[in-house]
Amino acid sequence: MRRAPTLAGLEAKNGWAGLYEMTPDRNALIGRAGEVSGFLYATGFSGHGFLQAPAVGEIVRDLYLDRTPFIDVGPLSAARFEGHAAAVRPEAHII
């Protein structure tokens, strides 16, 4: 109402809103936190989360059980943002 007062009196017919999680390089975060014992994370998927959920579930299971996941998730670690932004590789392909 404060930003667009002329729109304040209009009736809303329908709508949709949602958060779009996004990291600086637009890639997800998967891994084990180094600072907090036993803390696993898998977040930042936004529009890809539903598609990638089965594989991410297997990866998190393996991390929890201290097994090596079927794919290297090291590049998806949150640590990639710690002080060396040049090493961050932006998302290139969406399949």
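The structure presented is a predicted model; accordingly, all values stated were derived computationally and were not measured.

**Topic: the nonpolar core**
Counting residues in each nonpolar core, the largest one holds seven residues, listed as Ala28, Ile30, Phe45, Val56, Ile59, Leu63 and Val73. Considering every element that reaches this core, the biggest residue donor is helix H1 (residues 49–64), with three residues. What Phe45 contacts, discounting residues up to four positions off in sequence, is Glu21, Ala28, Ile30, Gln52 and Val56.

**Considerations on the pattern of salt bridges**
Scanning the model with the defined rule gives four salt bridges in all. Ionic pairing is found between Arg80 and Asp25, a salt bridge with its closest N-O pair at 2.8 Å. Pair noted here: Arg80 is in the segment after H1 and Asp25 is in the segment before strand S1 (29–32), with a separation of 55 residues, a long-range link. You'll find Arg80 and Asp25 in the same group, each marked buried. In this structure, Asp62 and Arg61 form a salt bridge, with 3.0 Å as the shortest nitrogen-oxygen distance. Arg61 sits in the partly exposed class, given a relative accessible area of 38%.

Calculation criteria
Residues numbered from 1 in each chain as written. Predicted model: local features only at pLDDT ≥ 70, side-chain atom pairs only at ≥ 80, totals over all residues. Heavy atoms only, no water. Core = buried A, V, L, I, M, F, W, Y, C linked by side-chain atoms within 4.5 Å. Buried < 20%, exposed > 50% of the residue type's maximum accessible area, 1.4 Å probe, protein only. Helix = DSSP H or I, 4+ residues; strand = E, 2+ residues; numbered from the N terminus. Contact = heavy atoms within 4.5 Å. Salt bridge = Lys/Arg side-chain N within 4 Å of Asp/Glu carboxyl O.

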